[in-house]
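Reading the structure
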Amino acid sequence: MKILRPISILMSCLMLTANAAAQISLTPPGTDTPPAADKPAAKPKAKPPAVAKKPPAPAATAKPAPPVAAPVATVAPASAPDDPNADLVYGAYQRGQYKTAFDLASKRAQDFSDPKAMTMLGELYANAMGVKRDYAKAADWYKRAADGGDREGMFALAMLRLGGRGGSVNREEAVKLLASSAKLGNPKAAYNLALLYLDGQTLPQDLKRAAELLRVAADAGNPEAQYALATFYKEGTGVPKDVDKAVRLLQAASLADNVDAEVEYAIALYNGTGTPKNEAAAVALLRKAAKQNSPIAQNRLARVLLSGQGATMDKVEALKWHIIAKTAGKGDPTLDEALAALSPEDRAKAQDGARIWLGNK
């Protein structure tokens with residue numbers, strides 16, 4: 001299920017309320033003149049750090065993606081119900097046997113008016129699994145499931161209404177459905193409702209209420225909510241400012257493979273901000289995020305490799321990641337200058353490495 005982009009809505013709202021994106025300032029040890037922090041920009045250009053003669057090292061926090069269009073709704077499968085016969089439906093779905101899942105769910109919906117089976121039918125229609133994609137039929141099944149009290153059906157129908165699929169856009173209905181689903185304990189619904197309170201268009205902007213809903217979703221283990229709530233605590237948005245809580249949330253989200261959280265938690269580890277300093281763990285996280293195609297992580301990793309602070313100095317590898325980050329729009333004049341003195345042989349090695357990486361993406 002694709003849910004509302006956490007970073008697009010979250011950060012656009014924070015820029016309105018705080019006049020700046022959430023940020024953890026980072027100055028590596030031994031750097032006399034730290035580069036300036038990046039500012040949020042579109043797709044994904046960012047203000048380059050100030051040029052310094054000394055080899056640069058990581059200097060700023062991860063920046064979220066720019067705002068995007070309204071969410072596109074595809075749906076999440078219904079959770080496995082207690083009924084063992086209904087479990088056959090979910091089991092077939094998990095194994096990729098979508099036609100079997102469709103047949104079994106259809107029978108349960110018809111014979112037992114099973115709301116979870118109805119949600120499954122909506123899922124199959126919405127994602128063209130075993131049947132031709134039909135958003136109108138998906139919305140119809142989701143509505144039946146929602147009327148039957150299924151929180152996943154409520155959530156899925158809300159996302160279709162927000163995206164205008166299977167019918168016209170109906171934000172008022174979507175909000176009611178999200179609220180009902182959230183009350184039944186659906187963390188995805190709580191998270192998306194929080195984003196609507198942040199957006200300030202569908203609902204009046206209410207940062208405190210958004211923070212409360214994010215906390216519900218974060219406590220349930222939703223990594224996007226953990227990352228968003230960490231941003232709140234860093235800035236004191238809707239909650240008292242608390243860097244320690246922010247870092248704990250970043251750690252939790254990074255353990256769930258949220259790439260933006262990995263980058264920011266790595267920076268906190270590198271500096272010892274809100275957590276014991278651990279440069280080796282920080283560099284390992286930067287490598288992981290870089291390999292997950294985070295341009296900011298690639299840029300920061302290049303800086304670490306160039307400076308040799310927290311990792312063995314490797315200018316060839318640094319240039320490789322710098323080239324990859326630049327290709328994604330994350331330019332860095334400081335690195336351009338610092339790496340300009342590489343020999344033609346080393347530069348060729350770095351370019352070959354970048355070419356191989358970009359060709360394998």
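Use the structure listed above.
Figured I'd write up the structure that's included with this text. In this text the structure is predicted, and so the values were computed from the model without any measurement.

**A few points about the packing of helix α3 (residues 98-112) against helix α4 (residues 115-126)**
α4 packs onto α3 with a crossing angle of 140° between their chain directions and a minimal axis gap of 8 Å. In the packing of α3 onto α4, the handedness of the crossing is left-handed. Along its contact with α3, which presents Y98, A101, F102, A105, S106, R108 and A109, the element α4 presents A117, M118, M120, L121, L124 and Y125. In the contact of α3 with α4, the residues fall into eleven nonpolar, one polar and one charged.

**Examining unusual backbone geometry**
Phi at S113 takes a positive value of approximately 50°, unusual for a residue other than glycine. Topologically, S113 is positioned in the loop between α3 and α4. Phi is positive for A128, close to 55°, though the residue is something other than glycine. By the element assignment, A128 lies in the loop between α4 and α5 (135-147). Classification of A128 by relative accessible area gives partly exposed; the value is 34%.

**Brief notes about the side chain of N186**
Along the chain, the position of N186 falls in the loop between α7 (171-183) and α8 (187-199). By relative accessible area, N186 is classed as buried at 1%. A distance of 3.0 Å separates a polar side-chain atom of N186 from the backbone nitrogen of K188. When near neighbours in sequence (up to four residues on either side) are disregarded, N186 contacts R151, E152, F155 and S181.

**Some words on the nonpolar core**
Ranked by size, the top nonpolar core spans 98 residues in total, and within it L124, L178, L214 and F232 carry the most contacts. With nine residues, the top contributor of residues to this core is α8.

**Examining the pattern of salt bridges**
Here the idea is simple: oppositely charged side chains can pair when their charged atoms come close. If you walk through the whole model with that rule in mind, you get 18 salt bridges. Residue K234 pairs with E264 through a salt bridge whose shortest N-O separation is 2.1 Å. Of this pair, K234 sits in helix α10 (residues 223-235) while E264 sits in helix α12 (residues 259-271), placing them 30 residues apart in sequence. By relative accessible area, K234 is classed as buried at 5%. The network of salt bridges with shared partners includes D257, E262 and K288.

Each value, and the rule that gives it
Residues numbered from 1 in each chain as written. Predicted model: local features only at pLDDT ≥ 70, side-chain atom pairs only at ≥ 80, totals over all residues. Heavy atoms only, no water. Axes fitted to C-alpha atoms, helices over the stretch in contact; angles between N-to-C directions. Helix = DSSP H or I, 4+ residues; strand = E, 2+ residues; numbered from the N terminus. Left-handed = near helix turned anticlockwise from the far one by under 90°. Contact = heavy atoms within 4.5 Å. Nonpolar A, V, L, I, M, F, W, Y, C, P; charged D, E, K, R; others polar. Buried < 20%, exposed > 50% of the residue type's maximum accessible area, 1.4 Å probe, protein only. Polar contact = N/O pair within 3.5 Å; in protein donor to acceptor, adjacent residues only side chain to side chain. Core = buried A, V, L, I, M, F, W, Y, C linked by side-chain atoms within 4.5 Å. Salt bridge = Lys/Arg side-chain N within 4 Å of Asp/Glu carboxyl O.

Purely spatial values, then, with no claim about function.
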